[in-house]
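Residue strings, one per chain:
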Amino acid sequence: ETGNLGESEMTMNTVRLDIVIDHKHYEVNTETMTGAQLKALAHIAEANLLFREIHGPGDDELIQNDAIVHLHDGDLFFDMPPGNFGVSVTERAWMQ
């Protein structure tokens with residue numbers, strides 16, 4: 001049983017996930033981060049809003065600074081200044 005525990009610990013230490021924040025790729029070695037940690041990783045102002053892109057219809061997921069985010073390989077995140085909240089995707093693309 002001790003051998004299995006060691007293998008499990010090794011697996012936990014070798015997690016490598018590729019995520020994208022604002023079109024820039026980051027490799028992280030953890031399966032969970034807070035919203036504030038994700039912003040710090042990408043040098044995003046803490047006051048900005050952070051979203052995880054949700055595929056298909058529906059709104060993207062707003063990530064609060066203190067929220068624990070369970071990361072998945074290939075997750076896409078983007079930020080937006082707080083004054084732009086509620087702007088449609090079309091308007092956001094036009095503003096950039």
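### Details of the confidence of the model for the chain
Confidence in the prediction for the chain averages 83 pLDDT; 73% of positions are at 70 or higher. Segment residues 1-11: pLDDT under 50, and zero contacts once partners within four positions in sequence are set aside and those in other chains are kept. Predicted confidence is poor over residues 90-96, with pLDDT under 50, and the contacts of this stretch with residues over four places away or in other chains come to five contacts.

### Observations regarding the packing of aromatic side chains
Throughout the structure, instances matching the rule amount to one aromatic pair. Relative to F78, the ring of F51 lies with its centre 5.2 Å away and its plane at 15 degrees, an arrangement referred to as stacked. Separated by 27 residues along the polypeptide, F51 in strand β4 (residues 49-52) and F78 in strand β7 (residues 76-80) bring together distant segments of the chain. Taking relative accessible area as the criterion, F78 reaches 12% and is therefore assigned buried.

### Notes on unusual backbone geometry
Residues other than glycine seldom take positive phi values, yet D22 does so here, at roughly 50 degrees. Within the secondary structure, D22 sits in the loop between β1 (17-21) and β2 (24-28).

The rules behind the values
- Residues numbered from 1 in each chain as written.
- Predicted model: local features only at pLDDT ≥ 70, side-chain atom pairs only at ≥ 80, totals over all residues.
- Heavy atoms only, no water.
- pLDDT = per-residue confidence, 0-100.
- Contact = heavy atoms within 4.5 Å.
- Phe/Tyr/Trp six-rings, centres within 6.5 Å; stacked < 30°, edge-to-face > 60°.
- Helix = DSSP H or I, 4+ residues; strand = E, 2+ residues; numbered from the N terminus.
- Buried < 20%, exposed > 50% of the residue type's maximum accessible area, 1.4 Å probe, protein only.

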